[in-house]
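# Summary of the model geometry
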Amino acid sequence: MATVDLKDVKKIYAGGVEAVKGVSIAIPDKALCVLVGPSGCGKSTLLRMIAGLESISAGTVSIDGKVVNAIGPTERDIAMVFQNYALYPHMKVYDNMAYGLRNRGTPKDEIDKRVRETAKTLELSALLDRRPRELSGGQRQRVAMGRAIVRNPKVFLFDEPLSNLDAKLRGQMRVEIKNLQRALGVTSVYVTHDQLEAMTLADQLVVMNAGLVEQIGDPLDIYEKPASTFVASFIGAPPMNLLALTRGGAGRMPAGSPEEMAAVGHGSAAGSTALASAAPMLTDGSVVPFAPQAAATLGFRPEDADVTHGAEAPGGALAIPAAVEAVEPVGAESFLYCAAAGTRIIVRVHGRATARPGDQLRVVVRAEKLHWFDQAGKRVG
Amino acid sequence: MTESYPLRTFIGHAVLILGILIVAFPIYYTFVASTHSLQTILRPPLPLLPGDRFVENYSEALFGGVGRIGGVSVGTLLFNTTVMALGIALGKICISILSAYAIVFFRFPLRMTFFWLIFITLMLPVEVRILPTYKVMVDFGLIDTYAGLIIPIIASATATLLFRQFFLTIPGELVEAARVDGAGPFRFFKDILLPLSKTNIAALFVILFIYGWTQYLWPLLVTNRNDMNTIVIALRKMISFADADTEWHLVMVTCMLAIVPPILVVVLMQRWFVRGLVDTEK
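Owing to the predicted nature of the structure, the values given are computational and were not obtained by experimental measurement.

## As for the overall build of chain B
- Looking only at helices and strands, chain B features 13 helices and zero strands.
- Reading the helices (α) and strands (β) of chain B from amino to carboxyl end gives α-α-α-α-α-α-α-α-α-α-α-α-α.
- For a compact globule of 282 residues, the expected C-alpha radius of gyration is about 19 Å, and chain B comes in at 24 Å, more than 25% above that figure.
- Expressed along its principal axes, the backbone C-alpha trace of chain B runs to roughly 75 × 70 × 30 Å.
- For chain B, with 282 residues in total, the buried portion stands at 43%.

## Observations concerning the interface of chain B and chain A
- Contact with chain B, which involves 17 residues of that partner, is made by 26 residues of chain A.
- When chain B packs against chain A, the two sides together hide about 1900 Å² of surface, and 54% of this comes from carbon and sulfur.
- For chain B, the biggest contributors to the area lost against chain A are Glu 173, Val 180 and Asp 181 of chain B; these three give 37% of the whole.
- Seen at the junction of chain B and chain A, the total is two salt bridges.
- Linking Arg 48 of chain A and Glu 176 of chain B is a salt bridge whose minimum nitrogen-to-oxygen distance equals 2.7 Å.
- Summed over the shared surface of chain B and chain A, the result is 15 residue pairs in polar contact (both at pLDDT 80 or more).
- At the level of elements, helix H9 (172-180) and helix H10 (185-213) of chain B are the ones that each hand at least two residues to the side of chain B that touches chain A.
- Here the side of chain B that touches chain A gets seven residues from one element, more than from any other, and that element is H9 of chain B.

## A short note on the pairing of strand E1 (residues 4-12) of chain A
Residues and elements named next belong to chain A.
- Note: E1 against strand E4 (residues 58-63), five bridges, orientation antiparallel. In the strand pairing of E4, Leu 6 is matched with Val 61.
- Between E1 and strand E2 (residues 18-27), which pair antiparallel in sequence order, lie five residues; one of them, Gly 16, sits at a positive phi of approximately 95°.

## Quick notes on helix H4 (residues 137-149) of chain A
- The end-to-end C-alpha distance of H4 of chain A is 18 Å, a good match for the 18 Å that 13 residues give at a rise of 1.5 Å each.
- Turning to H4 of chain A, its buried residues are Gly 138, Gln 141, Arg 142, Val 143, Ala 144, Met 145, Gly 146, Arg 147, Ala 148 and Ile 149 of chain A.
- Of the surrounding secondary structure, the elements contacted by the buried residues of H4 of chain A are strand E6 (78-81), helix H2 (93-103), helix H3 (108-121), strand E7 (155-159) and helix H5 (167-184) of chain A together with H9 of chain B.

## Side note on the confidence of the model for chain B
- For chain B, the average pLDDT comes to 86, and 94% of its residues sit at 70 or higher.
- Of all secondary-structure elements in chain B, the lowest mean pLDDT belongs to helix H2 (residues 38-42) of chain B, at 80, while helix H4 (residues 74-105) of chain B reaches the highest, 93.

## Points about the packing of aromatic side chains
All names here are of chain B.
- Inspection of every chain in the model, using the stated rule, returns 23 aromatic pairs over all chains.
- Ring centres 4.8 Å apart and planes at 40° place the aromatic pair Tyr 101 and Phe 189 in the tilted group. With Tyr 101 in helix H4 and Phe 189 in helix H10, this pair connects stretches of sequence that are 88 residues apart. Neither Tyr 101 nor Phe 189 differs from the other in exposure class; each is buried.
- On the basis of an interplanar angle of 80° and a centroid distance of 5.2 Å, the ring pair of Trp 116 and Phe 119 is categorised as edge-to-face. Of this pair, Trp 116 and Phe 119 both sit in helix H5 (residues 111-121), three residues apart, which is roughly one turn of that helix.
- Counting every residue linked through ring pairs, the aromatic cluster contains Tyr 101, Phe 105, Phe 106, Phe 163, Phe 166, Phe 167, Phe 188 and Phe 189.

## Re unusual backbone geometry
Residues and elements named next belong to chain A.
- Here the amide bond leading from Ala 237 into Pro 238 is cis, since omega sits at -5°, within 30 degrees of zero.
- Its location among the elements puts Pro 238 in the loop between helix H8 (229-234) and strand E11 (241-247).
- The phi torsion at Asp 8 lies on the positive side, around 50°, for a residue other than glycine.
- One can find Asp 8 in strand E1.
- We note that Glu 123 has phi near 55°; this positive angle belongs to a residue other than glycine.
- Relative to the helices and strands, Glu 123 resides in the loop between H3 and H4.
- When its relative accessible area of 64% is taken as the criterion, Glu 123 is described as exposed.

## As for the sheet that holds strand E22 (residues 379-380) of chain A
Residue and element names in this part refer to chain A.
- Pairing in this open sheet of five strands is antiparallel, and the strands run E14-E11-E15-E21-E22 from one edge to the other. For this open sheet the edge positions go to strand E14 (280-282) and E22, each flanked by a neighbour on one side alone.
- Pairing of E11 with strand E15 (residues 297-300) involves four bridges; the strand directions are antiparallel. Paired with Ala 244 across the bridge in E15 is Thr 297.

Definitions and cut-offs
Residues numbered from 1 in each chain as written. Chains lettered and ligands numbered in written order. Predicted model: local features only at pLDDT ≥ 70, side-chain atom pairs only at ≥ 80, totals over all residues. Heavy atoms only, no water. Helix = DSSP H or I, 4+ residues; strand = E, 2+ residues; numbered from the N terminus. Rg over C-alpha atoms; globule rule 2.2 N^0.38 Å. Buried < 20%, exposed > 50% of the residue type's maximum accessible area, 1.4 Å probe, protein only. Contact = heavy atoms within 4.5 Å. Buried area = accessible area lost by both parts, 1.4 Å probe. Salt bridge = Lys/Arg side-chain N within 4 Å of Asp/Glu carboxyl O. Polar contact = N/O pair within 3.5 Å; in protein donor to acceptor, adjacent residues only side chain to side chain. Pairing = 2+ DSSP bridges. Expected span 1.5 Å × (residues − 1). pLDDT = per-residue confidence, 0-100. Phe/Tyr/Trp six-rings, centres within 6.5 Å; stacked < 30°, edge-to-face > 60°.

What follows is the structure, encoded as structure tokens:
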């Protein structure tokens with residue numbers, strides 16, 4: 001069992017492309033750390049550097065307190081599960097799992113014992129004599145996992161292992177991987193671009209973008225307090241609604257309730273009186289109360305919003321006039337796609353939606369559910 | 001086709017049978033000639049049915065020796081040719097699979113230069129470099145040896161390219177999985193690459209064996225002694241300008257025997273050969 005420490009790790013390719021621009025992550029023992037980000041954010045490169053398949057341009061990678069920059073993948077005592085499984089096509093399942101042990105000179109009876117034990121845990125016992133091409137996608141996935149587990153390494157590395165499975169199987173395997181990892185207690189690094197997978201699996205979630213870490217933390221903390229607009233829009237499905245704020249110029253009707261407006265002191269009064277102030281506004285000109293001084297973007301989760309057909313919004317809430325463009329019923333909930341303030345916002349309502357496409361209504365969000373981001377996209381407050 | 005169209009079936013078969021007859025008749029005729037005595041062959045017309053001298057002719061050629069090539073038996077010729085064809089086929093496969101392995105899986109200085117050098121040699125036929133090669137062989141004292149027959153044509157740009165193309169289709173993840181599993185370069189080659197290349201190797205072996213078997217110009221130059229000749233060269237030597245000097249019945253026997261090993265190789269390797277051309281086990 002081991003910790004994995006990345007200190008200011010960089011990857012600069014021969015052509016000068018900087019794929020990873022200085023990443024530091026401390027992964028505690030037995031934790032499942034998920035690296036998530038859009039394609040090209042450097043998460044796979046980072047994983048491959050931990051594996052030793054990619055050289056490290058700067059910084060250090062340590063496994064179990066020992067710097068491993070200079071040693072090869074074999075000596076790092078890691079096991080990796082690849083996206084396309086990378087099973088040896090000409091070997092039987094048994095040999096696929098035994099190969100790594102044989103190369104390490106493990107005694108034959110020991111190999112046999114470990115392969116059969118692992119096969120039992122993964123319900124592969126009946127398939128040991130098959131070849132990979134005779135297996136289904138899910139079974140191949142299991143064999144790939146088995147090949148990693150049987151070696152009993154210090155660290156598991158997963159490179160988008162579920163992306164080739166269908167949705168149902170993916171859900172199943174996700175739970176299985178989580179349980180297995182917890183049962184074995186092996187420190188793991190898991191790369192995915194699927195935020196759902198990331199949220200459900202991670203003990204420690206690392207959101208990456210453009211070669212840099214955007215945020216590290218507990219998945220729910222990240223969900224509740226995204227550090228940047230990028231994290232806010234990447235984590236959560238559907239993503240957080242983000243509305244740009246402008247300042248100066250003539251505002252129109254305040255977007256909040258009248259009392260609130262007065263309390264905050266922005267603008268002068270309720271109604272449609274024109275305002276000329278430094279108050280933050282949405283792009284459609286409606287003034288936003290409660291905004292912190294530095295805020296340049298306002299965000300809220302689809303589930304934190306509600307819709308009302310009434311003209312008055314409840315106190316302590318932001319109300320944005322919106323036009324329903326589409327309604328997506330999913331069963332337990334419905335998503336309303338609305339045009340508001342020059343952008344599209346998504347609202348999640350429970351059960352069946354009463355709104356119809358074309359309806360004019362107001363999207364209401366309670367003040368404490370609002371997120372604020374500054375000009376650079378960083379979280380404010 | 002599940003429905004039956006008697007006329008179509010008939011025409012189809014007729015065309016195919018006609019084609020086979022056209023191709024097979026000369027071979028049949030050779031076989032017929034190889035079972036008659038020299039006198040019968042020289043006195044036209046040649047019968048269309050096999051004669052009664054099958055055993056005599058074949059055993060004379062195989063074990064007795066043929067006068068026009070210094071009494072060397074066809075058995076010796078077959079042996080020589082087999083050694084050369086096997087040497088060329090196996091040698092070409094070994095060298096080209098190793099060079100393709102180096103070019104595809106290793107990063108070393110001038111890698112692409114070497115690749116292009118190999119590629120360029122594709123454009124040079126053996127005939128172009130035949131004089132310098134001959135000189136080198138003479139200097140090494142390799143005239144009239146198996147090494148002299150085999151070594152100059154043992155490198156193959158074509159086979160290297162074929163293996164390279166095949167290796168390029170092997171997913172990078174497989175290579176990496178092997179590295180994580182602790183397989184060094186040699187283990188990877190032995191445990192992963194060779195088994196995956198089996199069908200390609202078999203297909204290439206068939207092609208290269210026949211290529212080696214039918215070599216003409218190089219064996220003609222590099223062998224002087226009759227007992228080092230290959231069967232193709234010996235056949236040429238057996239034929240004299242004057243019809244009466246040629247032991248035609250033995251020539252025909254030699255022809256028949258010369259066809260047998262390539263046919264055997266194709267038939268025995270057919271399953272592998274077709275698989276190598278059609279699918280790769282991936």
